[in-house]
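A closer look at the structure
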Amino acid sequence: MPSEPSDWSLYRSFAAVISEGSLSAAARLLRMSQPTLSRHIRELEEALELKLFTRSPHGVVPTEEALALAPQANALAAAAQALYRTASKPLGENGGTVRLSVSEIFAAHIIMPIVAEVQRAHPDIVVELVVSNRMTDILRRDADIAVRMTRPTQDDLWAKRIGDLELGLFCSPTYLTDKSPLIEAKNLFDHAIVGFDFPAAYTATFKVGGHTLTRDQFTVRTDSDVGQFAAICAGCGIGVCHVPLAERFGLRRVLTDDFAPKVEAWLVMHQDLKEFQRYRTLFDALDASLRLYLGYAQSVRKNSPQKPV
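This text gives an overview of the structure that appears in the document. Computed from a prediction, not measured in an experiment: that's the story for all the values here. (Residues numbered from 1 in each chain as written. Predicted model: local features only at pLDDT ≥ 70, side-chain atom pairs only at ≥ 80, totals over all residues. Heavy atoms only, no water.)

**Comments concerning the overall build of the protein**
Rules: Helix and strand assignments follow DSSP, with helices taken as H or I runs no shorter than four residues and strands as E runs no shorter than two, numbered in order from the N terminus. Using a 1.4 Å probe on the protein chains alone, a residue whose accessible area is under 20% of its type maximum counts as buried, one over 50% counts as exposed, and one in between counts as partly exposed. The contact definition used throughout considers only heavy atoms, calling two residues in contact when any of these lie within 4.5 Å. The Shrake-Rupley method, run with a 1.4 Å probe, gives the accessible areas here. Residue values count only the displayed protein chains as cover.
Along its length, the protein carries nine helices and 13 strands. For the protein, the proportion of its 309 residues judged to be buried stands at 45%. Expressed as a percentage of contacts within the protein between residues at least 6 apart in sequence, the contacts between residues at least 24 apart total 74%. If you sum the accessible surface of the protein, you get close to 16,000 Å²; carbon and sulfur atoms cover 52% of it.

This is the structure:
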């Protein structure tokens, strides 16, 4: 009969091998020797009386039993990491580790000045940045705080709506110099368009002149928002950008009256972390600074009526 392993580190090692696909990569991730990691997997297999991995020329392959256990193992690993972060400093101190989840474009161009300002004022706060366009699970403590562009639906979350993020169609200043005029929405499809490879929930709002933008219309496709932004800045075509970010980089807006969707912006944190000073400090700093960032788009549009290009 299987016995319950008493060492949680066995599950952490198991989760690392699942995510990395090889013993050597998992050992590097956990900063332990490969023999130690192999011993952890062997001990877990013996305790559970299961074969968890088979060897292949390219690493190790998880068995069906391993894949079934992976979600629970990942939850244990996340909970252990969250415990260490929470215990890293006392409740009322502005010090210790805070794990922040943001999308690629926020990490590359928006968040880091806020983090720098917080750390100048509170040098004992350590920020772990989770950069991903996927939704992190705050309840499972994959992150302590997250910036989200969708309304949170989970219970036990402390969520604060910080505004609306306006999106627009932009291109580089030089893109249109040798192109046909872009005066009406129907003219957009005569141009090169930068966009996604696989649609997401928010891309359903990408409609121009009654037509939904689809991947077949794009001449450059990538699911990386940083990659899309770089392609637009380089003159590859017209694409969707945050209005305040595009204005900051001097991009040229087109079809303002035909395309100006807004998405809700939220700050999210687990309810249990509200009483810890370091989490509140970063949360409040993000709240104040991101409100300014989001409000910039509204002031630009109010003071800059569209001109045909």
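Now that the structure has been shown, we can carry on.
**So, the nonpolar core**
One broad rule of soluble globular proteins: the nonpolar side chains tend to lie buried together. Heads up, the condition is: Here, the term nonpolar core denotes a set of buried Ala, Val, Leu, Ile, Met, Phe, Trp, Tyr and Cys residues that are joined through side-chain atoms within 4.5 Å.
I111, I145, L169, L188, L286 and L290 are the most contacted members of the largest nonpolar core, which has 61 residues in total. Ranked by residue count, the leading element in this core is helix α9 (residues 277-303), at eight residues. Not counting residues within four places of it along the chain, the set of residues in contact with L290 comprises F106, I110, I111, I114, V147 and I162. Of all hydrophobic cores here, the second largest spans 21 residues; its members include L10, F14, A27 and L52.

**Let's talk about helix α3 (residues 34-48)**
The periodicity of an α-helix, 3.6 residues per turn, causes residues three or four places apart in sequence to face the same way. How we decide: Expected helix span is computed as 1.5 Å times (number of residues minus one). When we speak of the arc, we mean the arc of directions from the helix axis to the C-beta atoms.
Taking 1.5 Å of rise per residue, the 15 residues of α3 would be expected to cover 21 Å, and the 21 Å separating its terminal C-alpha atoms lies within 8% of that figure. Residues of α3 that are buried include every one of L37, H40, I41, L44, E45, A47 and L48, and no others. For α3, the angular spread of the buried residues around the axis is 165°, confining them to a single face. Exposed and oriented more than 90 degrees from the buried face of α3 are P35 and E46. Two residues or fewer after α3 comes E49, characterised by a positive phi angle close to 55°.

**What about helix α6 (residues 112-121)?**
Taken together, the buried positions of α6 are occupied by I114, V115 and V118. Taken down its axis, α6 places every buried residue within 100° of arc, on the same side. Exposed side chains of α6 directed beyond 90 degrees from the buried face belong to P113 and R120.

**Some words on the pairing of strand β11 (residues 239-242)**
Stated formally: In short, DSSP must find at least two bridges between two strands for them to pair.
Neither face of β11 is exposed, since G239 and C241 on one face and V240 and H242 on the opposite face are all buried. Pairing of strand β6 (residues 157-171) with β11 involves four bridges; the strand directions are antiparallel. Across the sheet, the residue bridging to F170 is G239, located in β11.

**Description of the pairing of strand β1 (residues 53-56)**
For β1 and strand β2 (residues 59-62), the ladder comprises four bridges, and the chain directions are antiparallel. Bridging from a neighbouring strand, S56 pairs with G59 of β2.

**Comments concerning the packing of aromatic side chains**
The test is simple: Any two rings among Phe, Tyr and Trp, with Trp reduced to its six-membered ring, count as a pair given centres within 6.5 Å; such a pair is stacked if its planes are under 30 degrees apart, edge-to-face if over 60, and tilted if neither. Lysine NZ or arginine CZ positioned within 6 Å of the ring centre and within 35 degrees of the ring normal marks a charge as sitting over the ring.
Taken as a whole, this structure holds seven aromatic pairs when the rule is applied. On the basis of an interplanar angle of 20° and a centroid distance of 4.7 Å, the ring pair of W158 and F283 is categorised as stacked. Residue W158 is found in strand β6, and its partner F283 is found in helix α9; the two are separated by 125 residues along the sequence. For F283, a relative accessible area of 0% gives the class buried. A cation over an aromatic ring shows up here: K179 above the ring of Y175, its NZ or CZ 4.4 Å from the ring centre.

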